[in-house]
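Chain by chain, the residues run as shown.
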Amino acid sequence: GKGLAVFTSGGDSQGMNAAVRSVVRMGIYLGCKVYFIREGYQGMVDGGDNIEEANWSSVSSIIHKGGTIIGSARCMDFIQKEGRLKAACNLVTRGITNLVVIGGDGSLTGANLFRQEWSDLLDELLAHNRITKDQREKYKYLHIAGLVGSIDNDFCGTDMTIGTDSALHRIIEAIDAIVSTAYSHQRTFIMEVMGRHCGYLALVTALSSEADFVFIPEAPPAVDWRDKLCYNYLALVAALASEADQVFIPEDPVPHNWVEKLCKRLQQERKSGQRLNIIIVAEGAIDREGKPITAELVKKVVVDNLQQDTRITVLGHVQRGGSPSAFDRILGCRMGAEAVMALMEATPETEPCVVSLDGNQAVRLPLMECVRRTKAVAQAMTDKNWELAVQLRGRS
Ligand code: F6P
């Protein structure tokens, strides 16, 4: 059977184990020899026990576990040519020419570069007698399929990355818990959520928790979710959820003073009898000059202007932990199976793909095009071109 290996790389996320399980079982089902590579690219470079053959039962009882049972790491050795030579040698000597990489855009880019270099790496290994002529010929093609595992939902091409839904569950649970204590003391709570440079977690959290205000990186200086939203389809959801009379979308953002708007909103809510306020701050939130809007800064504004009793909760890595939601388990399973199918159908000309969710369909998209778009979003945000960033990111 064909040699196939699966590894997880970069930050872990809930649902990665479901994907690993699915790759192993689908691979075995289709007659492949399936391997785990432990500790991401580092395990590929180090070889030895890090690359281990998997069997049907080695992935039993993992679907409900958070994180990744095969470990993940950020690997400096893989950046060096010698590291990649070692990695290629470890794969060839085990007959592995199919890789499923589960990670974010950095991990997927690494896999694509490795594939582009594959032929040269094998030539060099042969020249130094680290592999045989037969091996050079037999394993001359490397096939790659990527799955996006990240809580941030920051990858272009897929509606949902594996882990986002579970992170949202975790965040919402925490907010619901905060609300009861905030209510009792008539307090304002500022909750910082993860997402790196992407405001998806913060925005969806705000919508589903009836937050009063949300700060996200995409539409600075601030988004009052009942007033202006940066994702068109979420604008509609917001209108429905909030009974807003009107929803503005950000194609033409109106410059405004976020301090004033925030204070007005919080005051209004208290005057109408509300005992608490919730403000969501994405960890990457920025103002129009690109300066961070931190939870501390928002707290200072609220305390200085309104003298409200205010507390901050930074959820941190709690968001990445715990068991995966049903959605992420199924998503991981579906994506994993599709990745194996893609590899088994690949011809020497087939470009690496990333398996994505489009509506309710698992689709295969060109990996590098998606990575390029994801990087273009980051660049657009650095250039403060928020409209372009939102447009490039697409539906979600
Ligand atoms: O990409 C996932 C993520 O959890 C981000 O939301 C966050 O910014 C980052 O990783 C934290 O990284 P680390 O686990 O290295 O602290």
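Residues numbered from 1 in each chain as written. Predicted model: local features only at pLDDT ≥ 70, side-chain atom pairs only at ≥ 80, totals over all residues.

Secondary structure summary: the chain contains 13 helices and 12 strands in total. Looking at the chain as a whole, 50% of its 396 residues are labelled buried. (Helix = DSSP H or I, 4+ residues; strand = E, 2+ residues; numbered from the N terminus. Buried ≥ 20, exposed ≤ 12 C-beta atoms within 10 Å, placed from the backbone.)

Moving on to helix α6 (residues 164-185). The first and last C-alpha atoms of α6 sit 32 Å apart over 22 residues, in line with the 32 Å expected at 1.5 Å per residue. Three or more residues of α6 are buried, namely Thr164, Asp165, Ser166, Ala167, Leu168, Arg170, Ile171, Ile175 and Ala182. Where the residues of α6 are buried, they touch β6 (162-163), β7 (188-193), α7 (200-209), β9 (277-282) and α11 (326-345). Phi for glutamine 186, located one or two positions after α6, is positive at around 50 degrees. (Expected span 1.5 Å × (residues − 1). Contact = placed C-beta atoms within 7 Å.)

Here we come to the confidence of the model for the chain. Per-residue pLDDT for the chain has a mean of 87; in total, 89% of the residues score no lower than 70. Within the model, pLDDT remains below 50 along residues 221-255, and this stretch shows 59 contacts once partners closer than five positions in the same chain are excluded. Here the predicted complex carries an ipTM of 0.97, next to a pTM of 0.90. (pLDDT = per-residue confidence, 0-100.)

A few words now on the packing of helix α1 (residues 16-29) against α11. Packed helix pairs are specified by the crossing angle of their axes together with the interaxial distance, meaning the distance between the axes. Contact pair α1 / α11: the axes reach a minimum separation of 7 Å and the direction vectors enclose 35 degrees. The handedness of the crossing between α1 and α11 comes out as right-handed. Residues Met16, Ala18, Ala19, Ser22, Val23, Met26 and Gly27 of α1 pack against Asp328, Arg329, Gly332, Cys333, Met335, Gly336, Ala337, Ala339 and Val340 of α11. For the contact of α1 with α11, the per-class residue count stands at 10 nonpolar, four polar and two charged. (Axes fitted to C-alpha atoms, helices over the stretch in contact; angles between N-to-C directions. Left-handed = near helix turned anticlockwise from the far one by under 90°. Nonpolar A, V, L, I, M, F, W, Y, C, P; charged D, E, K, R; others polar.)

This brings us to the sheet that holds β7. By way of backbone hydrogen bonds, the strands of a sheet pair with one another, either parallel or antiparallel. Ordered by their spatial adjacency, four strands build an open sheet running β8-β9-β7-β10, and the pairing between neighbours is parallel. Whereas interior strands pair on both sides, the edge strands pair on one side only; in this sheet they are β8 (213-215) and β10 (310-314). Across the sheet, the mean angle separating the axes of adjacent strands is 20 degrees when strand polarity is ignored. The pairing of β8 with β9 spans three bridges and is classified as parallel. Pairing of phenylalanine 213 across the sheet is with isoleucine 279, part of β9. Contacting β7, β9 and β10, α6 crosses the sheet at an angle of about 165 degrees to β7. Packing of α7 onto the sheet brings it into contact with β7, β8 and β9, and relative to β9 it is tilted by some 165 degrees. (Pairing = 2+ DSSP bridges.)

In this fold, valine 301 is placed in helix α10 (residues 295-306). Once you skip the residues sitting within four places of it in the chain, valine 301 turns out to touch Val259 and Leu262.

Moving on, we get to the nonpolar core. Among the nonpolar cores identified, the biggest contains 70 residues, and Ala5, Ala19, Val23, Ala88, Val100, Leu147 and Ala339 are the most heavily contacted of them. The contacts of alanine 19, once residues within four sequence positions are left out, are Ile102, Leu147, Gly149, Ile162, Gly332, Met335 and Gly336. Core analysis: the second largest hydrophobic core is formed by 39 residues, Cys198, Tyr200, Ala211 and Ile286 among them. (Core = buried A, V, L, I, M, F, W, Y, C linked by C-beta atoms within 7 Å.)

Let us look at unusual backbone geometry. Phi angles above zero are rare outside glycine, and arginine 196 is one such case at about 55 degrees. Residue position: arginine 196 is located in the loop between β7 and α7. One non-glycine residue, glutamate 210, lies in the positive phi region at around 60 degrees. For glutamate 210, the location among the structural elements is in the loop between α7 and β8.

A separate point is the UniProt feature "active site" (unreviewed entry) in the chain. Per the UniProt record, "active site" (unreviewed entry) is annotated on Asp152. With respect to the element layout, aspartate 152 can be found in the loop between β5 (143-150) and β6. (UniProt positions renumbered as here; feature names shortened; annotations may be inferred.)

It is worth spelling out the packing of helix α3 (residues 81-92) against helix α4 (residues 105-127) at this point. Relative orientation of the contacting elements α3 and α4 amounts to 80 degrees, with a least axis distance of 10 Å. Viewed along their axes, α3 and α4 adopt a mutual orientation that is roughly perpendicular. Touching Arg84, Leu85, Ala88, Cys89 and Val92 of α3 are Phe114, Glu117, Trp118, Leu121, Leu122, Glu124 and Leu125, all from α4. Looking at side-chain class alone, the contact of α3 with α4 contains nine nonpolar, no polar and three charged residues. (Parallel < 35°, antiparallel > 145°, perpendicular 65-115°, else oblique.)

Working note: α-helix, 3.6 residues per turn, so residues spaced by three or four point in the same direction. Between its terminal C-alpha atoms helix α12 (residues 367-382) stretches 23 Å, which fits the 22 Å expected from 16 residues at 1.5 Å a residue. Residues of α12 that are buried include every one of Leu367, Cys370, Val371, Thr374, Val377 and Met381, and no others. Down the axis of α12, the smallest arc covering the buried residues is 115 degrees, so these residues share one side. Away from the buried face of α12 by more than 90 degrees, exposed residues Gln379 and Thr382 are located. (Arc of directions from axis to C-beta.)

This part takes up the pairing of strand β2 (residues 33-37). Across the five residues that make up β2, a large majority, four, are buried. In the sheet, strand β1 (residues 3-8) pairs with β2 via four bridges, with the strands oriented parallel. Bridge pairing links glycine 3 to lysine 33 in β2. One crossover worth recording links β1 to the parallel β2 by way of α1, and it is right-handed. Both β2 and strand β3 (residues 51-53) contribute to a ladder of three bridges, which runs antiparallel. (Right-handed = clockwise from strand over helix to strand, strands pointing away.)

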